[in-house]
Amino acid sequence: MPNWLLPEHIADVLPSEARKIEELRRQMLDNFRLYGYELVMPPLLEYVESLMTGAGQDTELRTFKLVDQISGRMLGLRADMTTQVARIDAHLLNRNSVTRLCYAGSVLHTRPSGLHTTREPLQIGAEIYGHAGLEADAEIQELALASLAMAGFTDVRLDLSHVGVLRAILAEDPAAAKDEAALYLLLRAKDVPGLETQTAGYAPAIRAALLALPSLYGDVEVLKRARDVLPDLPGIAKALAELAALAASAIGRADVAIDLADLRGYQYESGAMFALYVPGLPNAVARGGRYDHVGEAFGRARPATGFSMDLRELARLLPTAERKHSIRAPWGNAPELKEKIAELRKAGEVVIQSLPGHSNEQDEFECDRALVLDDSGSNWILKNLG
Ligand SMILES: N[C@@H](Cc1c[nH]c[nH+]1)C(=O)O
């Protein structure tokens, strides 16, 4: 085995791809700032218990673990930054007001989520703490859509779902409530035969409601159908009304679909959830939603909602960045030459000094101009290279 072989689903990012990713990262973080989101940088690794606080079983399975040589305690490499940011809001900032935070950094997954998916996504996201109303969910949804528009995606599908529907159904039947974890998995997989077996002993109305969820998928008309077929419970009515409002706020910006069985989050979600899809990729490019109980798990209840996405995946779908035009300059220590180069760089030009013996080499950059001495031999001027 050559000693440079990388583990499966782990890869280097080469120059043109890296530039696309980095440009996207900067654009998005700058845009988050325009909405008032403050950047935070949580650590790559933490004690495993703190990483798991408020998170579900998926996070546990996805987290790489190692032993800390200083404390002897178990550390985990973060698999998702959302709970880290919730910890920062709950403990370090200690603000009672609305707090908007954003982040960008690598996360690691023990297993890839899809066939061609990386185990090292570059997660970027934004979270709002301190507002329980739907306005915060709508802002997050808008920001996620604006981020995709900014990256050049025009054809976006927004799938909406709501944990409140399942919770309201489960609260009606203790037998069903006990099986919550299993039901989650079956609904996520839209495994109707599995659901039929699992729900065999439940109260008939509860069973019928659970079996209806996988077929409650489609355009916003589904909400009407859901009102007809699901039990008349306040929790369900509230969830469906929230979904109708969120769907309405996205009209004209995305194709909206409702999927009441889509529970593919990290299991910390507590309200409306969404996933964004773009052509060419079966997996969601962005996920988000409300998760009001994570702060509580950290000892300070704070309403919360947010979204995140993988910049590597997004960048992969975008066309290759054009080669950047640049200026070739000779190598040398003459003060006038150095001054001229500094001036051009200050103006935003890429100036590449050719190292001796390498004057015609170029890779990522296309030199369309050269810095040369004029006929008098004393002034540095730019010459177009045909
Ligand atoms: N971190 C979640 C999405 C999210 C952010 N905030 C709330 N939910 C994910 O990657 O699926």
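Here is a short report on the structure shown in this document. Here the structure is a predicted model, which means the values were calculated and not measured. (Residues numbered from 1 in each chain as written. Predicted model: local features only at pLDDT ≥ 70, side-chain atom pairs only at ≥ 80, totals over all residues. Heavy atoms only, no water.)

**Description of a nonpolar patch on the surface**
Basically, it comes down to this: Patch membership requires over 30% relative accessible area and the absence of a salt bridge. Like charges are linked within 9 Å, and nonpolar side chains (Val, Leu, Ile, Met, Phe, Trp, Tyr) within 5 Å. Here the open area of atoms and residues is found with the Shrake-Rupley method and a 1.4 Å probe, where only the protein chains shown may cover a residue. We define a salt bridge as a contact between a side-chain nitrogen of Lys or Arg and a carboxyl oxygen of Asp or Glu at a distance within 4 Å. Under the scheme used here, helices are H or I runs from DSSP no shorter than 4 residues and strands are E runs no shorter than 2 residues, and both carry numbers assigned from the N terminus.
Together, Leu44, Leu45 and Leu66 give the surface a local cluster of nonpolar side chains, amounting to about 230 Å² of exposed area. Within the secondary structure, Leu45 is located in strand β2 (residues 45-47).

**Here's the deal with the nonpolar core**
The condition that has to hold: Residues belong to one nonpolar core when they are buried, are Ala, Val, Leu, Ile, Met, Phe, Trp, Tyr or Cys, and are joined through side-chain atoms within 4.5 Å. Using a 1.4 Å probe on the protein chains alone, a residue whose accessible area is under 20% of its type maximum counts as buried, one over 50% counts as exposed, and one in between counts as partly exposed.
Of all hydrophobic cores here, the largest spans 73 residues; its most connected members are Leu213, Leu230, Leu260, Leu276 and Phe307. Among the nonpolar cores identified, the runner-up in size contains 15 residues, and Val85, Ala90, Tyr103 and Tyr129 belong to it.

**Describing the packing of aromatic side chains**
Heads up, the rule is: Aromatic pairs are defined between Phe, Tyr and Trp rings, using the six-membered ring for Trp, whenever the two ring centres lie within 6.5 Å; interplanar angles under 30 degrees are classed as stacked, those over 60 as edge-to-face, and all others as tilted. Criterion for a charge above a ring: Arg CZ or Lys NZ at most 6 Å from the ring centre, at most 35 degrees from the ring normal.
For the coordinates displayed, the defined rule picks out 4 aromatic pairs. Ring geometry for Tyr268 and Tyr291: centres 5.4 Å apart, planes at 50°, overall tilted. Residue Tyr268 is found in the loop between β9 (255-259) and β10 (272-277), and its partner Tyr291 is found in the loop between β11 (286-290) and α13 (294-297); the two are separated by 23 residues along the sequence. Exposure class is identical for Tyr268 and Tyr291. Each is buried. Through successive ring pairs, a cluster of aromatic residues spans Phe32, Tyr37 and Phe307. Just above the ring of Tyr47 sits the side chain of Arg73; from NZ or CZ to the centre is 3.7 Å.

**Brief notes about the pattern of salt bridges**
Here the structure, examined in full by the defined rule, presents 24 salt bridges. The partner of Arg26 in a salt bridge is Glu22, with the nearest N and O atoms 2.9 Å apart. Taken as a pair, Arg26 and Glu22 lie in helix α1 (residues 15-34) at a separation of 4 residues, close to a single helical turn. For Arg95, the salt bridge identified is with Glu38, shortest N-O distance 2.9 Å.

Read these as spatial facts, not as claims about activity.
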